[in-house]
Amino acid sequence: MSAPVIITSAATFHDNAQKVALTALYKALYDRFSSQSLTDAGIAIKGGSASPTAATVNEWIGVAGGKLVAVAAAADLPALVGTVAHAAFNVFAFFVDNAGTVTSAMGTAGASLDLVIFPATPVGSALLGFVVINPTGTGDFVGGTTNLDDVTKAPNAVFVNTVGAFDLTMKL
Amino acid sequence: MAAPTIATSAASFHDTAQKVALINLFNALYDRMSSQSLTSAGLVIGTVSKKVPKTGANWVGVANGVLVYKASGTAMPALSGTVAATQFNVFAFFVDSAGTVTSAMGTAGATLDLVVFPPLPAGKALLGFITVNPTTAQTFTGGSTDLDDVTVIPATKYYNVVGAFDPTMTI
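Here the structure is a predicted model, which means the values were calculated and not measured.

### What to know about the overall build of chain A
Scanning chain A from terminus to terminus reveals two helices and eleven strands. For chain A, the N- to C-terminal ordering of α and β elements is α-α-β-β-β-β-β-β-β-β-β-β-β. Across its three principal axes, chain A shows a C-alpha extent of roughly 60 × 35 × 20 Å. In chain A, which comprises 172 residues, the proportion classed as buried is 43%.

Here it is in structure tokens:
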């Protein structure tokens, strides 16, 4: 079955506040169901070592705004932008919109992984995956400059490939 | 916690139109949560027949709240429909609560993002799908053309879906 159109369903509510509230709730849910990774991109450091760039290993397919989108295997992901201070944790997430354009966004750093705030997922974009950075060596990790396997800064990059619908902001 | 029953919750709405709208919205969400793949089927080209894919791994899913299983090596149902030269389309494989597998073709597009995925039948899990994009001047005929036909060159790709998704839930 095709899912009902939210606006049409919400139109049955004559109280405008109820209508707006219901629409907002459903948009958040619907967007995650129609914008997500369907396969594992196998994100890894570009070329296997000595690079500030992450790349896909596998061909990836997902759905963004209800449209099938693909990213080729061995495709460079966008440059990381932002700095992670020594000892802090942060994430760099990669999103794909319904034109197949990949973007990256940094989260908000935390002193431990559970204190990291994930970047907001753009409406109509699939989360392809993300990289966790926690520099435990000497100095800060500078996105786009520091190699993801730098032996001095030791960013401890962990590559995470998300599959399916998830939204960290949908907490009870 | 167990999910509340939609009908019971919706009964508190006295406006019938609102009640129906809420039920329909929640039905769509509930159905995808209780009808989905839980593991990768590892779809690959079939061996007995190369006109259909087969599972390359044991598969477990849930369909309408019931656990369903397909053994590794299970052939998918015959593909039905044609894909014109250079077009993209998908053939999706669904499993119902009795374990019956069916296939459905999408609506073709000139590029992958223009393909319209077939509707997800209520109470059925999407096991996976294949994409077909004949790269020669030949038409791919589901059920007749081998998935690796060297003349048509369907450029078949196999995708295993895990989790809840519904491409019709656009905003």
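### Quick word on the interface of chain A and chain B
Counting residues at the interface gives 31 residues for chain A, matched by 27 residues for chain B. At the level of secondary structure, the elements contributing two or more residues to the side of chain A that touches chain B comprise α1 (6-10), α2 (16-34), β4 (60-64) and β5 (67-71) of chain A. Looking at the side of chain A that touches chain B, the element that brings in the most residues is α2(A), giving seven residues. Split by residue class, the side of chain A that touches chain B holds 17 nonpolar, eleven polar and three charged.

### Regarding the environment of B:Ala155
All names here are of chain B. Mapped onto the elements of the fold, Ala155 is located in the loop between β10 (140-141) and β11 (157-160). A tally of 15 C-beta atoms within 10 Å means that Ala155 is categorised as partly exposed. Residues Ala155 and Thr111 lie 44 residues apart in sequence; the distance between their C-alpha atoms is 13 Å. With residues near it in sequence (within four places) discarded, Ala155 still touches Asn133 and Thr135.

### Re α2(A)
With 19 residues, α2(A) extends 26 Å from end C-alpha to end C-alpha; this agrees with the ideal 27 Å at 1.5 Å per step. Turning to α2(A), its buried residues number three or more, namely A:Leu22, A:Tyr26, A:Leu29, A:Tyr30, A:Asp31, A:Arg32, A:Phe33 and A:Ser34. On its buried face, α2(A) sits against α1, β1 (36-37) and β4 of chain A together with α2 (16-34) of chain B.

### What about the pairing of strand β8 (residues 102-106) of chain A?
Residue and element names in this part refer to chain A. Sheet topology note: the strand β7 (residues 90-96)/β8 ladder contains five bridges and is antiparallel. Residue pairing for β8: Phe95 is matched across the bridge by Thr103. The hairpin turn running from β7 into β8, its antiparallel successor, is five residues long, and Gly100 in that turn takes a positive phi close to 85°.

### Quick word on the sheet that holds β7(A)
All names here are of chain A. The four strands lie next to each other as β8-β7-β9-β11, forming an open sheet whose pairing is antiparallel. Since the sheet does not close on itself, it has two edges, and those belong to β8 and β11 (158-161), each with one partner. Mean inter-strand twist for the sheet, computed between neighbouring axes without regard to direction, equals 20°. Note that β7 and strand β9 (residues 126-133) share seven bridges and pair antiparallel. Looking at β9, one finds that Phe94 is bridged to Gly129.

### Let's talk about the sheet that holds strand β9 (residues 125-132) of chain B
All names here are of chain B. Taken in spatial order, the four strands of this open sheet run β8-β7-β9-β11, and their pairing is antiparallel. Lying at the two open borders of the sheet, with one neighbouring strand each, are β8 (101-105) and β11. Sheet twist, expressed as the mean angle between neighbouring strand axes with direction ignored, is 20°.

### Quick notes on the environment of A:Val116
Residue and element names in this part refer to chain A. Along the polypeptide, Val116 turns up in the loop between β8 and β9. Look at Val116 and you get buried, because 21 C-beta atoms sit within 10 Å. It is 9.8 Å that separates the C-alpha atoms of Val116 and Val132, two residues lying 16 residues apart in sequence. Dropping the residues within four chain positions of it, Val116 is found in contact with Phe89, Asn90, Val91, Gly107, Thr108, Ala109 and Gly110.

### Observations regarding the pairing of β9(B)
Residue and element names in this part refer to chain B. Most of β9 is tucked away, with eight of its eight residues classed as buried. Bridge count for strand β7 (residues 89-95) against β9 is seven bridges, and the pairing is antiparallel. Bridge assignment links Asn89 to a residue of β9, and that residue is Val132. Where β9 and β11 come together, four bridges link them in antiparallel fashion. Of the residues in β11, the one forming a bridge with Ile130 is Tyr158.

Basis of the calculations
Residues numbered from 1 in each chain as written. Chains lettered and ligands numbered in written order. Predicted model: local features only at pLDDT ≥ 70, side-chain atom pairs only at ≥ 80, totals over all residues. Helix = DSSP H or I, 4+ residues; strand = E, 2+ residues; numbered from the N terminus. Buried ≥ 20, exposed ≤ 12 C-beta atoms within 10 Å, placed from the backbone. Contact = placed C-beta atoms within 7 Å. Nonpolar A, V, L, I, M, F, W, Y, C, P; charged D, E, K, R; others polar. Expected span 1.5 Å × (residues − 1). Pairing = 2+ DSSP bridges. Axes fitted to C-alpha atoms, helices over the stretch in contact; angles between N-to-C directions.

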